[in-house]
Amino acid sequence: MGIVCRCESNIVPVANESPRVCCGTIKWYMNDTFSFDFIINLTDEDGNPIELLDTDKFVVDFYNSVGDLIQSFETVGSSTITLNFTKEISAKFKKGEYFYTTKYESGSIARTIMHNNMVVVE
């Protein structure tokens with residue numbers, strides 16, 4: 001005799017999209033591999049667009065809850081920052097909370113444009 005399941009719904013729940021942004025927090029499931037893009041549009045104090053030079057750089061650093069650097073991504077000469085979470089990189093992120101900071105560097109100028117934004121790995 002087979003097992004009979006009696007419930008009001010025969011719908012199996014599915015996972016949330018991974019990765020996703022939820023209320024400003026980036027979330028993904030442990031060991032998922034993916035690419036995630038930030039498209040940065042910088043403006044000066046008057047609201048005018050800042051043209052990037054070929055040597056301008058964005059650095060995104062991910063830290064664990066005690067402030068240890070887990071992973072760094074660097075993009076040069078582009079306003080699109082691609083975070084490529086390969087199998088090896090994703091393996092560094094166990095379930096838990098992380099934070100990331102993004103810096104813009106142009107010549108002698110270095111500016112933080114995102115600071116301690118939250119990540120949750122589920």
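Located above this text is the structure these notes cover.
Residues numbered from 1 in each chain as written. Predicted model: local features only at pLDDT ≥ 70, side-chain atom pairs only at ≥ 80, totals over all residues. Heavy atoms only, no water.

**Side note on the sheet that holds strand β7 (residues 96-106)**
Rules: Here, strands pair whenever DSSP counts at least two bridges between them. Note on conventions: DSSP H or I runs of at least 4 residues are helices, E runs of at least 2 residues are strands, and numbering of each starts at the N terminus. Angles here are taken between N-to-C directions and fall from 0 to 180 degrees, while the axes themselves are lines fitted to C-alpha atoms, restricted in helices to the stretch in contact.
The mixed open sheet is built from six strands, whose spatial order is β1-β2-β8-β7-β4-β5. The strands lining the two open edges of the sheet, one partner per strand, are β1 (20-22) and β5 (69-76). On average, each strand axis in the sheet is tilted by 30° relative to the strand beside it, whichever way the strands run. The pairing of β7 with strand β8 (residues 109-121) spans 10 bridges and is classified as antiparallel. Bridge pairing in β8 links Lys-103 to Thr-112.

**A few points about the pattern of salt bridges**
Under the convention used in this document: Salt bridges are defined by distance alone: a side-chain nitrogen of Lys or Arg within 4 Å of a carboxyl oxygen of Asp or Glu. A simple rule labels every residue: compare its accessible area, found with a 1.4 Å probe on the protein chains alone, to the largest value its type can have, and call it buried under 20%, exposed over 50%, or partly exposed in between.
Under the defined criterion, the tally for this structure stands at three salt bridges. Lys-57 is the partner of Glu-74 in a salt bridge, and the nearest nitrogen-oxygen pair spans 3.9 Å. Placement of Glu-74 in strand β5 and of Lys-57 in strand β4 (residues 57-64) is noted, with a sequence separation of 17 residues between them. When its relative accessible area of 52% is taken as the criterion, Glu-74 is described as exposed. Between Lys-57 and Glu-105 there is a salt bridge, with its nearest N and O atoms 3.5 Å apart. With a gap of 48 residues between them, Lys-57 in strand β4 and Glu-105 in strand β7 connect regions that are remote in the sequence. Accessibility expressed as a relative area gives 22% for Lys-57, which makes it partly exposed. Linked by salt bridges that have partners in common, Lys-57, Glu-74 and Glu-105 make up one network.

**Overview of the pairing of β5**
Pairing of β4 with β5, which is carried by seven bridges, proceeds in the antiparallel orientation. Bridging from a neighbouring strand, Val-59 pairs with Glu-74 of β5. Between the antiparallel neighbours β4 and β5 lie four residues, among them Gly-67 with a positive phi of about 95°.

**Section: the nonpolar core**
Short version of the rule: Take the buried residues of types Ala, Val, Leu, Ile, Met, Phe, Trp, Tyr and Cys, join any two whose side-chain atoms come within 4.5 Å, and each joined set is a nonpolar core. By definition in these notes, contact holds between two residues if any of their heavy atoms fall within 4.5 Å.
Phe-38, Phe-62, Leu-83 and Phe-85 are the most contacted members of the largest nonpolar core, which has 22 residues in total. Not counting the four nearest positions on each side in its chain, Phe-38 is found in contact with Ile-26, Ser-79, Thr-80, Ile-81, Leu-83, Tyr-100 and Met-114.

**Side note on the side chain of Lys-27**
The line we're drawing: By the counting rule applied here, Lys and Arg register as positive and Asp and Glu as negative, while His and the ends of each chain are not counted.
On the secondary structure map, Lys-27 appears in strand β2 (residues 25-28). Here Lys-27 is buried and forms no salt bridge, its nearest opposite-charge partner Glu-122 lying at an N-O distance of 4.7 Å. Non-local contacts of Lys-27, meaning those with residues more than four positions away in its chain, are made with Pro-19, Arg-20, Cys-22, Val-120 and Glu-122.

Interpretation note: all reported values are geometric properties and have no functional meaning in isolation.
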